[in-house]
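Tertiary structure, described
Here's the letter readout for the chains.
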Amino acid sequence: MSIKSTDNQYVAHTYKRFDIAVVKGSGALCWDDSGKEYIDMTSGIGVNSFGYSDPVWAEAVAAQAKLLQHTSNLYYTAPCAELAEILCTRTGMSRVFFGNSGAEANECAVKIARKYAAEHKGAEYFHIITLHKSFHGRTLTTLAATGQDSFHQLFTPLTEGFLYADAEDIGGMEKLIAENKVAGVLLETVQGEGGVNTMSADYLKAVGKLCADNDIIFMIDEVQTGNGRTGSLYSYQQFDLHPDVVTTAKGIAGGLPMGACLMSEKVADVLSYGDHGSTFGGNPVCAAAAISVINRMDDAFLAEVRKKGDYIRTKLTEAGFTVSGLGLMVGITTAKPVSEVIAACIENGVLCLSAKEKLRLLPPLNITWEQLEKAIGIIIDALHE
Ligand SMILES: *Cc1c(COP(=O)(O)O)cnc(C)c1O
């Protein structure tokens, strides 16, 4: 049987796959089972920070796999400790909880906000405010956090206590805080799955102030925007924000499963022994991968990410299209249905994503200029056709 027919028979039908079986990759290039080459502008939805099978990353993974792959969290291991130190040093946060996914990182954030509020204000302060069009994950709690009704239907009852505000409407959020007992606010600086919707600096600052003034835990979901994607290690660092909690996942370990919940000093001791856990959390192989990824994201590398993002924006704007996003997280408003644009790109050897009705680009951060220029040319042709 072919890869596709075996998959269709035996793998749960939760993903509507494109008609491509990817068999190998190198950097921003990958090949399907017929040998066709593609330039990848998806990076596995923002996961493969250094593209496919990057040699430095692969060496870090292989070396750790040969030394020690897992111990459980009953014991100390070097990669987990070192990664936590690197993340705290680079962000000014104080502590990290490691899990395996974005949803798990957000679950941890919600538990921190609720426990903090329960201890400081009372157990009835359990509400979490998120934004309409947000995306925070697929578990029942993070689905509740996701401010899109279409994800909720047929899975109710979800975790209770979530309230939704409109993005950019600070008055609306003030009203929710005045009328409800609120523990935390959770938002993305650029909504990814929700349509690459960029929040304004003023709005983000105002939310941060509102949280600080009301002793509400301010949580930023950097699952997609983090780890260099937007041109700084974490996107909030470009907005002079001081979140209490930052969650991340996707690109942190360059293609291995890892999620992280970063805690500021204010909440560093909220979770204590036994309050939370994850069997694979901080796994040495994933942590070694993440150390190699994060350590390569120095100032020069991040400047190059911003430059590549600017290049894409300039080219697409010149071609007459409206562009949203930050750094190498790009949304493009299309004249014709986005599915047709993606199909034309595939035909011409470029893989792209959608986000709601927009075309979304999340290329590997180390895509070469030559590959980037070629891909953008093909994408502009597909948008025009
Ligand atoms: C992808 C994503 C998640 C969910 O991450 P998983 O690893 O799939 O659980 C949460 N928040 C944001 C902003 C995301 O982009």
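As a starting point, this report considers the structure included with it.

Rules and cut-offs
- Residues numbered from 1 in each chain as written.
- Predicted model: local features only at pLDDT ≥ 70, side-chain atom pairs only at ≥ 80, totals over all residues.
- Heavy atoms only, no water.
- Phe/Tyr/Trp six-rings, centres within 6.5 Å; stacked < 30°, edge-to-face > 60°.
- Helix = DSSP H or I, 4+ residues; strand = E, 2+ residues; numbered from the N terminus.
- Buried < 20%, exposed > 50% of the residue type's maximum accessible area, 1.4 Å probe, protein only.
- Lys NZ or Arg CZ within 6 Å of the ring centre and 35° of its normal.
- Contact = heavy atoms within 4.5 Å.
- Pairing = 2+ DSSP bridges.
- Axes fitted to C-alpha atoms, helices over the stretch in contact; angles between N-to-C directions.
- Core = buried A, V, L, I, M, F, W, Y, C linked by side-chain atoms within 4.5 Å.
- Near = heavy atom within 4 Å.
- Polar contact = N/O pair within 3.5 Å; in protein donor to acceptor, adjacent residues only side chain to side chain.
- Areas by Shrake-Rupley, 256 points an atom, 1.4 Å probe, with all protein chains shown as cover.
- Nonpolar A, V, L, I, M, F, W, Y, C, P; charged D, E, K, R; others polar.
- Expected span 1.5 Å × (residues − 1).
- 1 Å grid on protein atoms, 1.4 Å probe; cavity = no way out; pocket = protein on both sides within 12 Å on 5 of 7 lines; lining within 4 Å.
- Points joined across faces, edges and corners; volume = space filled by probe spheres on them.
- Salt bridge = Lys/Arg side-chain N within 4 Å of Asp/Glu carboxyl O.

Re the packing of aromatic side chains
- Here the structure, examined in full by the defined rule, presents three aromatic pairs.
- On the numbers, 5.6 Å between centres and 85 degrees between planes, the contact of Tyr 311 with Trp 369 is edge-to-face. Of the two residues, Tyr 311 sits in helix H11 (residues 299–318) while Trp 369 sits in helix H13 (residues 369–384), which places them 58 residues apart along the sequence.
- Exposure remark for Trp 369: the relative accessible area of 26% places this residue in the partly exposed category.
- The positively charged end of Lys 24 is found above the aromatic ring belonging to Trp 31, 5.2 Å away from the centroid.
- One cation-aromatic arrangement involves Arg 296 over Phe 50; the distance from NZ or CZ to the ring centre is 3.8 Å.

A closer look at the environment of Leu 372
- Structurally, the position occupied by Leu 372 is in helix H13.
- Considering only alpha carbons, one finds Leu 372 and Tyr 311, 61 residues apart in sequence, at a separation of 9.1 Å.
- Excluding residues within four positions of it along the chain, Leu 372 makes contact with Met 41, Lys 308, Tyr 311, Ile 312 and Ile 367.

Some remarks on the sheet that holds strand E6 (residues 162–165)
- Taking strand neighbours across the sheet as the criterion, the seven strands line up as E4-E12-E11-E10-E7-E5-E6 in an open arrangement whose pairing is mixed. The open sheet has two edge strands with one neighbour each: strand E4 (95–99) and E6. Averaged over all pairs of adjacent strands, the angle between strand axes in this sheet comes to 20 degrees, irrespective of strand direction.

Points about the nonpolar core
- Ranked by size, the top nonpolar core spans 97 residues in total, and within it Met 41, Met 173, Leu 359, Leu 361 and Ile 379 carry the most contacts.
- Not counting residues up to four positions away in its chain, the partners in contact with Leu 359 are Val 330, Gly 331, Ile 332, Thr 334, Val 338, Val 341, Ile 342, Cys 352, Leu 353, Ser 354, Ile 379 and Leu 383.
- Cys 108, Phe 135, Met 263 and Leu 271 belong to the second-largest nonpolar core, a separate cluster that totals 26 residues.

Details of the site of the ligand
- Around the ligand lies a shell of 13 residues, among which Gly 102, Ala 103, Asp 221, Gln 224 and Lys 250 are the nearest.
- Separating an oxygen atom of the ligand from a backbone N or O atom of Ala 103 is a distance of 2.8 Å.
- The contact in question runs from an oxygen atom of the ligand to an N or O atom on the side chain of Lys 250, over 2.6 Å.
- In the complex, 82% of the free accessible area of the ligand, which totals 390 Å², lies under the protein chains.
- If you tally residues by element for the shell around the ligand, the top one is helix H5 (residues 102–120), at three residues.
- For the shell around the ligand, the residue count by class is three nonpolar, six polar and four charged.

Focus on helix H10 (residues 284–295)
- If you check H10, its first and last C-alpha atoms are 16 Å apart, about what twelve residues at 1.5 Å a residue would give, namely 16 Å.
- In terms of burial, H10 is a largely internal element, eleven of the twelve residues being buried.
- For H10, every residue scored as buried is listed here: Pro 284, Val 285, Cys 286, Ala 287, Ala 288, Ala 289, Ala 290, Ile 291, Ser 292, Val 293 and Ile 294.
- Those residues of H10 that are buried are in contact with helix H3 (55–67) and helix H4 (78–91).
- The backbone nitrogen of Val 285 has a side-chain oxygen 2.9 Å away, supplied by the residue at the start of H10, namely Asn 283.

Points about the layout of surface pockets
- Its volume calculated, the second largest pocket comes out at about 1100 Å³.
- Surrounding the second largest pocket, 33 residues form its lining, Asn 73, Cys 80, Val 96, Phe 97 and Tyr 273 being those nearest its centre.
- For the lining of the second largest pocket, the secondary structure elements donating two or more residues are H4 and E4.
- The residue makeup of the lining of the second largest pocket, split by class, is 16 nonpolar, 15 polar and two charged.

Considering empty space enclosed by the protein
- The tally for this structure, following the rule as stated, stands at one cavity of 30 Å³ or more.
- Within this model, the largest cavity holds a volume of roughly 40 Å³.
- Lining the largest cavity, in full, are Gly 46, Ser 49, Val 223, Gln 224, Gly 226, Asn 227, Arg 229, Lys 250, Gly 251 and Leu 365.
- Each residue belonging to the lining of the largest cavity can be placed in one class, and the counts come to two nonpolar, six polar and two charged.

Concerning the pattern of salt bridges
- For the structure on display, the rule yields twelve salt bridges.
- With a shortest N-O distance of 3.0 Å, Asp 7 and Arg 17 are connected by a salt bridge. Of this pair, Asp 7 sits in helix H1 (residues 3–10) while Arg 17 is found in the loop between H1 and strand E1 (22–26), placing the two residues ten residues apart along the sequence.
- Residue Arg 17 is classed as partly exposed on the basis of its relative accessible area, which comes to 48%.
- Where Glu 193 meets Lys 250, a salt bridge forms, and the shortest distance between an N and an O atom there is 3.8 Å. With Glu 193 in the loop between strand E8 (190–191) and strand E9 (197–198) and Lys 250 in the loop between strand E11 (245–248) and strand E12 (259–263), the pair connects residues that are 57 residues apart, well separated along the chain.
- Among the residues examined, Glu 193 registers a relative accessible area of 19% and is labelled buried.
- Residues participating in the shared-partner salt-bridge network are Lys 115, Glu 119 and Asp 275.

Digging into the environment of Lys 205
- Relative to the assigned elements, Lys 205 resides in helix H9 (residues 201–213).
- C-alpha of Lys 205 to C-alpha of Ala 375: the two residues are 170 residues apart in sequence and 36 Å apart in space.
- In this view, Lys 205 contacts Phe 239, Asp 240 and Leu 241; residues no more than four positions away in its chain are not counted.

All we've got here are geometric facts, nothing functional implied.
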